[in-house]
Amino acid sequence: MKYLRQFLIIISVSCVGELLNYLIPLPIPASIYGLIIMLGLLISKKLKLEAVKQTADFLIDIMPVMFIPACVGLIDSWEELQSFLVPVIIISIVSTILVMIVTGKTADVMLKTWEDE
């Protein structure tokens, strides 16, 4: 029953994110609204981490399984993808490197900020 309650909390926050996405005409995905709401609830201590931790850990553990349908879809569309495969691979590599650099620099800035306090 505990897992069901935790899952319902996570789904409820996701639902609120979907509602915000519907009401606010910005090009921001509903999942981002949900993540921001969950972060706000956790930071403000209105929602304790223990209230969602076990179910969130479970969802993270099974995350690779969630990519199987997308991979099957790519395999299914292989003939259509072959014509622009090289640009997609280059873009994927470059964007991955950029994300790694930006994430590392952001983490450095945050750690230095926290050390200074």
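That block above? That's the structure.
Residues numbered from 1 in each chain as written. Predicted model: local features only at pLDDT ≥ 70, side-chain atom pairs only at ≥ 80, totals over all residues. Heavy atoms only, no water.

Chemist: Describe the packing of aromatic side chains, naming the residues involved and giving the relevant values.
Modeler: The tally for this structure, following the rule as stated, stands at 0 aromatic pairs. When the ring centre of Tyr 3 is taken as reference, the NZ or CZ atom of Lys 2 above it lies at 5.6 Å. (Phe/Tyr/Trp six-rings, centres within 6.5 Å; stacked < 30°, edge-to-face > 60°. Lys NZ or Arg CZ within 6 Å of the ring centre and 35° of its normal.)

Chemist: Would you mind going over the pattern of salt bridges in detail, with residue names and values included?
Modeler: On inspection of all chains with the given rule, the structure shows 1 salt bridge. Where Lys 53 meets Asp 57, a salt bridge forms, and the shortest distance between an N and an O atom there is 3.1 Å. Of this pair, Lys 53 and Asp 57 both sit in helix H3 (residues 53-61), 4 residues apart, roughly one helical turn. (Salt bridge = Lys/Arg side-chain N within 4 Å of Asp/Glu carboxyl O. Helix = DSSP H or I, 4+ residues; strand = E, 2+ residues; numbered from the N terminus.)

Chemist: Residue-level account of the packing of helix H1 (residues 2-23) against H3, with values.
Modeler: With their axes 8 Å apart at the nearest point, H1 and H3 run at an angle of 75° to one another. Between H1 and H3, the angle falls in the class roughly perpendicular. In this structure, H1 uses Lys 2, Tyr 3, Gln 6, Phe 7 and Ile 10 to contact H3, whose residues at the interface are Lys 53, Gln 54, Thr 55, Ala 56 and Leu 59. Among the residues forming the contact of H1 with H3, the class breakdown is 5 nonpolar, 3 polar and 2 charged. (Axes fitted to C-alpha atoms, helices over the stretch in contact; angles between N-to-C directions. Parallel < 35°, antiparallel > 145°, perpendicular 65-115°, else oblique. Contact = heavy atoms within 4.5 Å. Nonpolar A, V, L, I, M, F, W, Y, C, P; charged D, E, K, R; others polar.)

Chemist: Help me get a handle on the environment of Ser 77, residues and values and all.
Modeler: Within the fold, Ser 77 resides in the loop between helix H5 (68-76) and helix H6 (78-81). On the basis of relative accessibility, which here comes to 26%, the residue Ser 77 falls in the partly exposed class. Placed 23 residues apart in sequence, Ser 77 and Gln 54 show a C-alpha to C-alpha distance of 37 Å. (Buried < 20%, exposed > 50% of the residue type's maximum accessible area, 1.4 Å probe, protein only.)

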